[in-house]
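Analysis of the macromolecular model
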Amino acid sequence: MLDPDLVVRADAAAVAAGAPREIRGARNWAKGAVNFARGARFTRPALVNGVVGVVLAPRGRLFRVLRFTFANGKIAGIEVVGDPERLRELDLAVLE
């Protein structure tokens, strides 16, 4: 599902202070993503500005958005948005 050369980029609000804002490689991302598994119950698939993504909204409050790019049928890039101003600018359609 993930391209081995996956690139994940996050805005400053989406990462902890001192954490990298860019992660390269599917293995590196998968190792870190395990830490976020506990929040998975608050995620829903969505269209983000018309592109496939995921919204994270604990207690109904939008917290993070992940937008995916694909290459050769695999996820090649992920943009993580956490900045409240940027979140307000997104056109979101949660999918059932």
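Preceding this section is the structure that the text describes.
Residues numbered from 1 in each chain as written. Predicted model: local features only at pLDDT ≥ 70, side-chain atom pairs only at ≥ 80, totals over all residues. Heavy atoms only, no water.

**What about the nonpolar core?**
- Core analysis: the biggest nonpolar cluster contains 11 residues, these being Leu-6, Val-8, Ala-10, Ala-14, Ala-26, Trp-29, Leu-66, Phe-68, Ile-75, Ile-78 and Val-80.
- Mapped onto this core, the elements with two or more residues apiece are strand S1 (2–10), helix H1 (26–33), strand S5 (64–71) and strand S6 (74–81).
- Setting aside chain neighbours within four positions, we find Trp-29 in contact with Leu-2, Leu-6, Val-8, Ile-23, Leu-66 and Ile-78.
- Grouped together as the second largest cluster of nonpolar side chains are 7 residues, Val-65, Val-81, Leu-87 and Leu-90 included. (Core = buried A, V, L, I, M, F, W, Y, C linked by side-chain atoms within 4.5 Å. Buried < 20%, exposed > 50% of the residue type's maximum accessible area, 1.4 Å probe, protein only. Helix = DSSP H or I, 4+ residues; strand = E, 2+ residues; numbered from the N terminus. Contact = heavy atoms within 4.5 Å.)

**Section: the sheet that holds strand S7 (residues 92–94)**
- Pairing is mixed in the open sheet, where 7 strands are placed in the order S2-S1-S6-S5-S4-S3-S7. In the strand order of this sheet, the two ends are held by strand S2 (22–24) and S7, each with one partner. Across the sheet, the mean angle separating the axes of adjacent strands is 25° when strand polarity is ignored.
- Looking at chain direction, S5 and S6 are connected through 7 bridges and run antiparallel. Within S6, the position partnered with Phe-68 by the bridge is Ile-78.
- Sheet strands in contact with H1 are S1, S2, S5 and S6, and its direction is about 60° off that of S1. (Pairing = 2+ DSSP bridges. Axes fitted to C-alpha atoms, helices over the stretch in contact; angles between N-to-C directions.)

None of the figures reported here should be taken as evidence of function without further support.
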